[in-house]
Amino acid sequence: QVHLVESGGGLVQPGGSLRLVCVASGNIFSINAMGWYRRAPGKERELVATFTRGLLSTNYVDSVKGRFTISRDNSKNTVYLQMNSLKPEDTAVYYCHAAGGDPTLHYWGQGTQVTVSS
């Protein structure tokens with residue numbers, strides 16, 4: 001079992017920045033993918049940024065490329081999402097996600113609200 005706790009959401013003006021933090025605990029050695037998804041009001045959940053392939057590769061949705069950066073600190077079992085140049089369309093609940101094991105299990109954090117508004 002893996003437990004994920006997010007923090008760092010909030011209200012920010014367009015063009016501003018936020019950093020989301022996800023701390024993993026439990027059976028972290030089983031994890032081979034970890035990252036961030038979001039669900040905007042009235043929309044499907046979408047992948048934002050993630051580490052894949054044993055946490056060696058990164059993948060971003062096109063709409064955030066060049067603005068968001070995913071990073072990790074293995075010593076702290078933590079993944080970050082630095083979000084710059086935020087736009088109103090980035091408003092959503094952001095969820096930390098991890099996957100791994102055989103068979104593959106998926107784990108989700110509780111979500112953190114990001115609101116971009118003037």
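This text follows the structure it describes.
None of the values given here were measured: they were computed from a predicted structure.

## Quick notes on the pairing of strand 4 (residues 31-39)
For a regular strand, side chains alternate in direction, first toward one face of the sheet and then toward the other. For strand 4, the buried fraction is high: 7 of the 9 residues fall into the buried class. Relative to strand 9 (residues 92-100), strand 4 runs antiparallel, the two sharing 8 bridges. Paired with Ile31 across the two strands is Gly100, which belongs to strand 9. Examined bridge by bridge, strand 4 and strand 5 (residues 45-52) share 6 bridges and lie antiparallel to one another.

## Let's talk about the packing of aromatic side chains
Applying the stated criterion to the full structure yields 1 aromatic pair. Centre to centre, the rings of Tyr37 and Trp108 are 5.1 Å apart; their planes meet at 70°, and the pair counts as edge-to-face. Residue Tyr37 is located in strand 4, and its partner Trp108 is located in strand 10 (residues 105-108); the two are separated by 71 residues in the primary sequence. Residue class for Trp108 comes out partly exposed when judged on its relative accessible area of 32%. The residue whose ring lies beneath Arg45 is Trp108, and the NZ or CZ to ring-centre distance is 4.0 Å. A cation over a ring is seen here: Arg72 above Phe51, with NZ or CZ 5.1 Å from the ring centre.

## Comments concerning the state of the cysteines
As enumerated under the stated definition, the model contains 1 disulfide in all. Bridging Cys22 to Cys96, the disulfide has an S-S length of 2.0 Å. A torsion of -80° about the S-S bond marks the disulfide between Cys22 and Cys96 as left-handed. Linking Cys22 in strand 3 (residues 18-26) with Cys96 in strand 9, this pair joins segments that are 74 residues apart in sequence. A residue is classified by how much of its surface remains accessible, and Cys22, at 0% relative accessible area, is buried. A relative accessible area of 0% places Cys96 in the buried class.

Here is what the cut-offs are and how they apply
Residues numbered from 1 in each chain as written. Predicted model: local features only at pLDDT ≥ 70, side-chain atom pairs only at ≥ 80, totals over all residues. Heavy atoms only, no water. Buried < 20%, exposed > 50% of the residue type's maximum accessible area, 1.4 Å probe, protein only. Helix = DSSP H or I, 4+ residues; strand = E, 2+ residues; numbered from the N terminus. Pairing = 2+ DSSP bridges. Phe/Tyr/Trp six-rings, centres within 6.5 Å; stacked < 30°, edge-to-face > 60°. Lys NZ or Arg CZ within 6 Å of the ring centre and 35° of its normal. Disulfide = S-S within 2.5 Å.

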